[in-house]
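Chain residues, written in single-letter form:
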Amino acid sequence: MTTYYSEEHEWLTVEGETAVVGITQHAADQLGEIVFVEQKEVGDDFEKGDDIGVIESVKAASEIYAAVDGEVTEVNETLEENPGTLNDSPEGDAWIYKIKLTNTDQLEELMDLDGYKAFIG
Amino acid sequence: MTDAPKRTPLYDLHVELGGKMVDFAGWEMPVQYPMGIMGEHNHTRTKAGLFDVSHMGQVILRGEGAAEKLETLVPSAMTTLKEGKARYTFFTNPDGGIMDDLIVANAGDYLFLVVNASMRHQDIPHMADNLDGIEVTEIFDRALVAVQGPAAENVVGDLCPAARDMTFMQTMVADINGVECRISRLGYTGEDGFEISIPEDKAIEICRAFLAHEDCEPVGLGARDSLRLESGLCLYGNDIDNSTSPVEASLTWAMQKRRREEGGFPGADRIQRDLAEGAAKKLVGIRPTGRAPARAGVEVQDLDGNTIGSITSGGFGPTVGAPVAMGYVATKHSEPGQKINLIIRGKAQPAEIAALPFVAQNYKR
């Protein structure tokens, strides 16, 4: 199991050809208090860079961009009722999707934890 | 705007308190403090919040017949405004649109005005050019702060006992910690509270004295916006502008009977016509049924998919616990309870026209 990070402040914990996807604590802190999450549905496929959801905070709406190509296999439905868990545990319970990776080569373009820490300064 | 943003006399205090500074209308202002927008909003509704509103324009009008002359620019009654009282009004343009909204206080031998930060550059020359024989002085050496919330009376009253006896829209000059301030019992959060004009070199000292009260916390522009939105108060540039008439904006209450009948202000023709015939569109409250906030610019449709208006302000209402919005819809769709759709990111989301305010106003009458 390896965790990767994107410049759009998402994390992917990858096991084989599947991954759990969420936003980083840094992203959640920047967004402020989160009040709504709009998610894709199971079976939706997407390409790297696609808009795969929206997170609304008290301040503004922010898109979630896909860090890799893939297909949604599971949606964390608890976020609909409790969007605020994204502030408390964005790298734990408040994961956003489980996905099937369709181009694992793209993982090489992502950062590891040290790289991400350096990226956010 | 290419100029560096300006700083208010309270800038150093904002930074010390952990304020997250942003550029707002050319001013470097705190959007929030470590407590966060939601916490600051709720604190203001339950206790008291301290807001820096020094970016707003403070103006003095001095001269014979100032109130009478000001009536040529605004549709509210100024000559009947008693000494020690303040009134909400707006400058209208020749088309009957709103150029800016403002507060006018009768300070005895002069009028004291507070105008929007983003409109100072327009309002000052507008008055200087049109108020013949009146001295228009913009004040640059005073901070303006608001203390708002149910505990505001204690926060201000502990330092200035006379403030406790004031009622909504009263204004006076009084000492706070030995400093002469102008205190007005009003604000823009829907809560009881005060706006206080303070000499700039004493502003931080007096704000520290307010913050020393256990019920008073600093509140940024983020919560100021959600508080005014829940209270159904218009934001200039969003909910009202040069194209909207006061009748469309449901601000008829601010135009006293004599002024409505006599006219004598810019755009009186259109405003009187809107009053007589009804306006084609109206500013209403909107409650999305789901959880998705609907923000400014979102299209409003009837259930048949016809465009009937758009949202001008919207977001999450912490006290309501759900998204809230304001916007204009065709008058025939403006009855509270009417079902509508909001087009959010291309999808129709159900919503309902709602009565304003969303949260009852809590003024000391």
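Here the structure is a predicted model, which means the values were calculated and not measured.

So, how was this worked out
Residues numbered from 1 in each chain as written. Chains lettered and ligands numbered in written order. Predicted model: local features only at pLDDT ≥ 70, side-chain atom pairs only at ≥ 80, totals over all residues. UniProt positions renumbered as here; feature names shortened; annotations may be inferred. Helix = DSSP H or I, 4+ residues; strand = E, 2+ residues; numbered from the N terminus. Core = buried A, V, L, I, M, F, W, Y, C linked by C-beta atoms within 7 Å. Buried ≥ 20, exposed ≤ 12 C-beta atoms within 10 Å, placed from the backbone. Domains from an automatic or database assignment. Contact = placed C-beta atoms within 7 Å. Pairing = 2+ DSSP bridges. Axes fitted to C-alpha atoms, helices over the stretch in contact; angles between N-to-C directions. pLDDT = per-residue confidence, 0-100.

**Some thoughts on the UniProt feature "domain: Lipoyl-binding" (unreviewed entry) in chain A**
Here, the residues flagged by UniProt with the feature "domain: Lipoyl-binding" (unreviewed entry) are residues 18–100 of chain A. Regarding residues 18–100 of chain A, the helix share stands at 18% and the strand share at 43%, and the terminal C-alpha atoms are separated by 5 Å.

**Some points on the nonpolar core**
Residues and elements named next belong to chain B. Membership of the largest hydrophobic core comes to 123 residues, with the highest contact counts inside it found for Val104, Leu113, Val145 and Val147. In terms of residue count, strand E6 (residues 98–106) provides more of this core than any other element does, 6 residues in total. Mapping this core onto the domain boundaries places at least three of its residues in each of domain 1 (1–231) and domain 2 (252–354). Other than its neighbours up to four places away in sequence, Val145 contacts Leu50, Phe51, Asp52, Val53, Ile196, Ile198 and Cys207.

**Structural notes on the sheet that holds strand E11 (residues 179–184) of chain B**
All names here are of chain B. Ordered by their spatial adjacency, 6 strands build an open sheet running E10-E11-E12-E9-E3-E13, and the pairing between neighbours is mixed. In this open sheet, the two strands that pair with only one neighbour each are strand E10 (171–176) and strand E13 (216–218). Between one strand and the next, the sheet's axes are offset by a mean angle of 30°, whatever the strand orientation. Bridge analysis of E11 against strand E12 (residues 193–199) gives 3 bridges, and the strand direction is antiparallel. Its bridge partner being in E12, Ser184 is matched across the sheet by Glu195.

**Points about the confidence of the model for chain B**
One rule of thumb: low pLDDT means the predicted coordinates there are not for detailed reading. Averaged over chain B, the pLDDT score is 97; the fraction of residues at 70 or greater is 99%. Model confidence for the complex is summarised by a pTM of 0.94, with the ipTM given as 0.87.

**Here's the deal with the sheet that holds strand E7 (residues 111–115) of chain B**
All names here are of chain B. Read across the open sheet, the 5 strands follow the order E5-E6-E7-E4-E8; overall the sheet is antiparallel. Unpaired on one side and paired on the other, strand E5 (86–92) and strand E8 (135–139) mark the two borders of the sheet. Between one strand axis and the next, the sheet turns through 30° on average, direction left out of account. With 7 bridges connecting them, E5 and E6 associate as antiparallel partners. Along E6, the bridge assignment pairs Arg87 with Val104.

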